[in-house]
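Structure at a glance
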Amino acid sequence: MALFAITLAVYASHWDGPARSATLGLALSAAGVAITIGAGFLGWMPVQDYHMGVRLTPTQERDELAVQNARLIRLHHDRAA
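Residues numbered from 1 in each chain as written. Predicted model: local features only at pLDDT ≥ 70, side-chain atom pairs only at ≥ 80, totals over all residues. Heavy atoms only, no water.

**Considering the overall build of the chain**
What counts here: To qualify as a helix, a DSSP run of H or I must reach at least 4 residues; to qualify as a strand, a run of E must reach at least 2; elements of each kind are numbered from the N terminus. Based on C-alpha atoms, the radius of gyration is set beside the globule rule, defined as 2.2 Å times the residue count to the power 0.38. When a residue's accessible area, from a 1.4 Å probe over protein chains only, is under 20% of the maximum for its type it is buried; when over 50% it is exposed; and in between it is partly exposed. Computed with a 1.4 Å probe, the accessible areas rest on the Shrake-Rupley method; for each residue, only the protein chains presented here act as cover. For the charge count, each Lys or Arg is scored as positive and each Asp or Glu as negative, with His and the chain ends excluded. By convention, charge coordinates are those of NZ in Lys, CZ in Arg, CG in Asp, or CD in Glu.
When helices and strands are tallied, the chain shows three helices and zero strands. Along the chain, from the amino end to the carboxyl end, the secondary structure elements read α-α-α. A globule of 81 residues ought to have a C-alpha radius of gyration of about 12 Å, yet the chain, at 24 Å, is considerably larger. Looking at the chain residue by residue over its 81 residues, the buried ones come to 6%. Element-wise, carbon and sulfur atoms account for 67% of the exposed surface of the chain, whose accessible area totals about 7,000 Å². Treating the 6 positive side-chain charges of the chain as one cloud and the 6 negative ones as another, the clouds have centres 3 Å apart.

This is the structure in structure tokens:
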């Protein structure tokens, strides 16, 4: 968000007229979008993988345990083979 605020500060003095160059604004905005996408990806990983901040119903918890057990059995079977 700081990059978008810096972009606003740079262009605030030229708000009514044409800006001298759009390069700085485009670069800061592109960096801001890239960082926001990265933060969203990193924030989603704990939710998707570990269900942080998610309350599962008893049925969902049972299903989740079944999937984890199946993965452990498959891993053990692959190592034994």
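**Things to note about helix 2 (residues 23-50)**
To be explicit about the condition: Take the number of residues in a helix, subtract one, and multiply by 1.5 Å to get its expected span. In this description, contact between two residues means that some pair of their heavy atoms is separated by no more than 4.5 Å.
For helix 2, with 28 residues, the first-to-last C-alpha span of 41 Å sits near the 40 Å given by 1.5 Å per residue. For helix 2, the full list of buried residues reads Gly-25, Leu-28 and Gly-32. On its buried face, helix 2 sits against helix 1 (2-11). Taken from the residues just after helix 2, His-51 is the one with a positive phi, measuring 55 degrees.

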